[in-house]
Amino acid sequence: MATVALRRISKSYSGRQVLASLDLDLTSGELVCLLGPSGCGKTTLLRIIAGFIRPDSGTVVVAGKDVTALPPAARQMGMVFQSYSLFPNMTALDNVRFGPRVAGVGKEQQVSRARELLALVGLTEHGEKFPHQLSGGQQQRVALARALAVQPQMLLLDEPLSALDAQVRAQLREEIRRIQRATGITTVLVTHDQEEALSMSDRVAVMNEGRLLQVATPAAIYREPADPFVARFIGAGAVLPGTIEKGAVRVAHVAMLARAASDHAEGCAVDLYIRPEHVRLESMNGHIPPGSVAAEVNETTFFGSLTRVKLTLQDMPDGHGLWADLPSEQADRFKPGSRVLASWDEAAPRVMPRN
Ligand code: ADP
Ligand code: MG
């Protein structure tokens, strides 16, 4: 399977830069998610890899070969789009064998390959059905089988699950990942859904405004965001504005338990990022021990196994907030209006210069 190297890819429309000198490498058999808000350039980048769009500058190298000037048909890539793009007048089986048929594969082989792929996507019984007789999730399975039928070097998926309801989406996430692992095919999946990106990828490439901000494993993206945008975009949590005073982080003159990096200058403005699962709560009984901050429970939201407690920090202006995710049975005693102490481990918050 193919390695991919994107080098200094740029693209503008009417003088407006959509992709800004972007570099990305994929190893063979890897699944990388392009994750970013709507309009950040994900689809444009995917279509440049596929060959539907020519970059203004930069190169696309697949399996060691520069394909930048090649048309899509010469690149051997399988694509799946958000909207069901099946041929409506063909059965599922005929949709899947369409690619091999056009490529001149013999009829028996077309059919046997299509049947194998329908089995792979769990649709053995549905080969004779037309798209309108299949659910949205089943249609996307057919689209995946059709993309794989041409034995592509790469699989390119543009928000393939966005149009599906939550339950089917969760199921198909696992299915796509299983099939991608089974076939070992190098895959780029575009999504704006962070849960999808974190749960499916070998690595996540976080994009904003035509730039790649961080490319790393899901755990590294979540735990060690390298950039304020990544820290805010991925996962939930509080962002508290602070300053570095005598090597410690203060928010409105309250010393916060956090590790300031040695390269943070005295007086430097920083943001403190605190994930809800790191925040511990206990009832307030008068004094505030060092390392804890006083807060009031604002509201609680029940999510089944866990409850998210929204807090307003005391002794701070304009109601700085903090969130704590607690196992629901522990959260029951923290009713709105109760006064609490919030604390966390020193290593838990991430401190980044404010920009
Ligand atoms: P995403 O897939 O991340 O939502 P796109 O790659 O579709 O983003 O679009 C990135 C930006 O480029 C958007 O601002 C979009 O409006 C613009 N854009 C995309 N295609 C064209 C085009 N053919 N002509 C002009 N602007 C375009
Ligand atoms: Mg898009």
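Please refer to the structure placed before this passage.
Below or above, wherever it landed, is the structure these notes cover. (Residues numbered from 1 in each chain as written. Chains lettered and ligands numbered in written order. Predicted model: local features only at pLDDT ≥ 70, side-chain atom pairs only at ≥ 80, totals over all residues. Heavy atoms only, no water.)

### Comments concerning the overall build of the protein
Where we set the bar: A run of H or I in DSSP counts as a helix once it spans at least four residues, and a run of E counts as a strand once it spans at least two, with each numbered from the N terminus. Exposed residues in this analysis have more than 50% of their type's maximum accessible area, buried residues have under 20%, and partly exposed residues fall in between, with area computed by a 1.4 Å probe over protein chains only. Every residue pair with non-hydrogen atoms within 4.5 Å of one another is taken to be in contact. Surface accessibility in these figures is a Shrake-Rupley result with a 1.4 Å probe; residues are shielded only by whichever protein chains are displayed.
Along the protein, the regular secondary structure elements total nine helices and 20 strands. Counting only residues that meet the buried cut, the protein has 48% of its 355 residues in that class. Within the protein, residue pairs in contact and separated by at least 24 positions form 67% of the contacts whose partners lie at least 6 positions apart. When the accessible area of the protein is evaluated, it comes to approximately 16,700 Å², of which 49% is carbon and sulfur surface.

### Brief notes about the site of ligand 1
The condition that has to hold: Throughout, the term near means that a residue has one or more heavy atoms lying within 4 Å of the molecule or strand in question. Polar contact is the term for a pair of N or O atoms within 3.5 Å; when the atoms are in protein, one must be able to donate a hydrogen and the other to accept it, and sequence-neighboring residues count only if both atoms are side-chain atoms. Each residue gets one of three labels, nonpolar for Ala, Val, Leu, Ile, Met, Phe, Trp, Tyr, Cys and Pro, charged for Asp, Glu, Lys and Arg, and polar for the others, Gly among them.
In the vicinity of ligand 1, the contacting residues are Tyr13, Arg16, Val18, Pro37, Ser38, Gly39, Cys40, Gly41, Lys42, Thr43 and Thr44. Within the contact set of ligand 1, an oxygen atom lies 2.8 Å away from a side-chain nitrogen or oxygen of Thr43. Within the side chain of Thr44, an N or O atom sits 2.5 Å from an oxygen atom of ligand 1. Relative to its unbound accessible surface of 560 Å², ligand 1 loses 59% to contact with the protein. Residue contributions to the shell around ligand 1 peak at three residues, all from helix H1 (residues 42-50). Classifying every residue of the shell around ligand 1 gives four nonpolar, five polar and two charged.

### Structural notes on the packing of aromatic side chains
Our working rule: Centres within 6.5 Å make a pair out of two Phe, Tyr or Trp rings, where for Trp the six-membered ring is used; the pair is then stacked when the planes are under 30 degrees apart, edge-to-face when over 60, and tilted otherwise. Criterion for a charge above a ring: Arg CZ or Lys NZ at most 6 Å from the ring centre, at most 35 degrees from the ring normal.
Scanning the model with the defined rule gives two aromatic pairs in all. Between Phe87 and Phe98, the aromatic rings sit 4.6 Å apart at their centres with planes inclined by 55°, giving tilted as the arrangement. In this pair, Phe87 is assigned in the loop between strand E6 (77-80) and helix H2 (92-102) and Phe98 in helix H2, connecting sequence segments 11 residues apart. Taking the relative accessible area as the measure of exposure, Phe98 reaches 25% and is therefore partly exposed. Judged by centre distance (5.2 Å) and plane angle (15°), the rings of Phe229 and Phe233 are stacked. Of the two residues, Phe229 and Phe233 both sit in helix H8 (residues 228-233), four residues apart, roughly one turn of that helix. Stacked on the ring of Phe87, the Lys or Arg Arg146 has its end atom at 5.0 Å from the ring centre.

### Quick word on the pairing of strand E19 (residues 339-343)
What counts here: Pairing between strands is defined by DSSP: at least two bridges between them are needed.
Among the five residues in E19, four count as buried, and that is most of the element. Sheet topology places strand E15 (residues 280-283) next to E19; four bridges connect them, and they run antiparallel. Considered in E19, the bridge of Glu282 is made with Leu341. Sheet analysis places strand E16 (residues 292-302) next to E19, joined by five bridges and oriented antiparallel. Bridging from a neighbouring strand, Ala295 pairs with Val340 of E19.

### A closer look at H2
It helps to recall that an α-helix has 3.6 residues per turn; residues three or four apart then point in one direction. Listed in full, the buried residues belonging to H2 are Ala92, Leu93, Asn95, Val96, Arg97, Gly99 and Pro100. Those residues of H2 that are buried are in contact with helix H3 (107-120) and helix H4 (136-149).

### Considering the packing of H2 against H4
Heads up, the rule is: Axis definition: a line fitted to C-alpha atoms, limited for helices to the stretch in contact. Angles are taken between N-to-C directions and run from 0 to 180 degrees. Orientation categories follow fixed angle ranges, with anything under 35 degrees roughly parallel, anything over 145 roughly antiparallel, 65 to 115 roughly perpendicular, and all other angles oblique. Handedness of a helix crossing follows the sense of rotation of the near helix relative to the far helix, less than a right angle counterclockwise being left-handed and clockwise being right-handed.
Remark: H2 packs on H4, axes separated minimally by 7 Å, with the N-to-C direction vectors making an angle of 25°. One finds that H2 runs roughly parallel with respect to H4. Of the two possible hands of crossing, H2 and H4 adopt the one that is right-handed. Note on element contacts: H4 touches H2 through Val142, Ala145, Arg146 and Ala149, opposite Ala92, Asn95, Val96 and Pro100. For the contact of H2 with H4, the per-class residue count stands at six nonpolar, one polar and one charged.

### Focus on the pattern of salt bridges
Rules: Any carboxyl oxygen of Asp or Glu that lies within 4 Å of a side-chain nitrogen of Lys or Arg is treated as forming a salt bridge with it.
One pass over the structure, following the stated rule, counts 16 salt bridges. The closest approach of N and O atoms between Asp94 and Arg97, which form a salt bridge, is 2.9 Å. Within this pair, Asp94 and its partner Arg97 are both found in helix H2, separated by three residues, close to a single helical turn. A salt bridge links Arg308 to Asp325; the shortest N-O distance between them is 2.7 Å. Here Arg308 is found in strand E17 (residues 306-313), whereas its partner Asp325 is found in strand E18 (residues 321-327), with 17 residues between them in sequence. Taken together, the shared-partner salt bridges connect Arg141, Glu175 and Arg178 into one network.

### Considering the environment of Thr3
As for its position among the elements, Thr3 is in the segment before strand E1 (4-13). Between the C-alpha atoms of Thr3 and Thr186, which are 183 residues apart in sequence, the distance is 7.2 Å. Each residue touching Thr3, except ones within four places of it in the same chain, is listed here: Leu26, Thr27, Ser28, Val61, Val62, Ala63 and Gly64.

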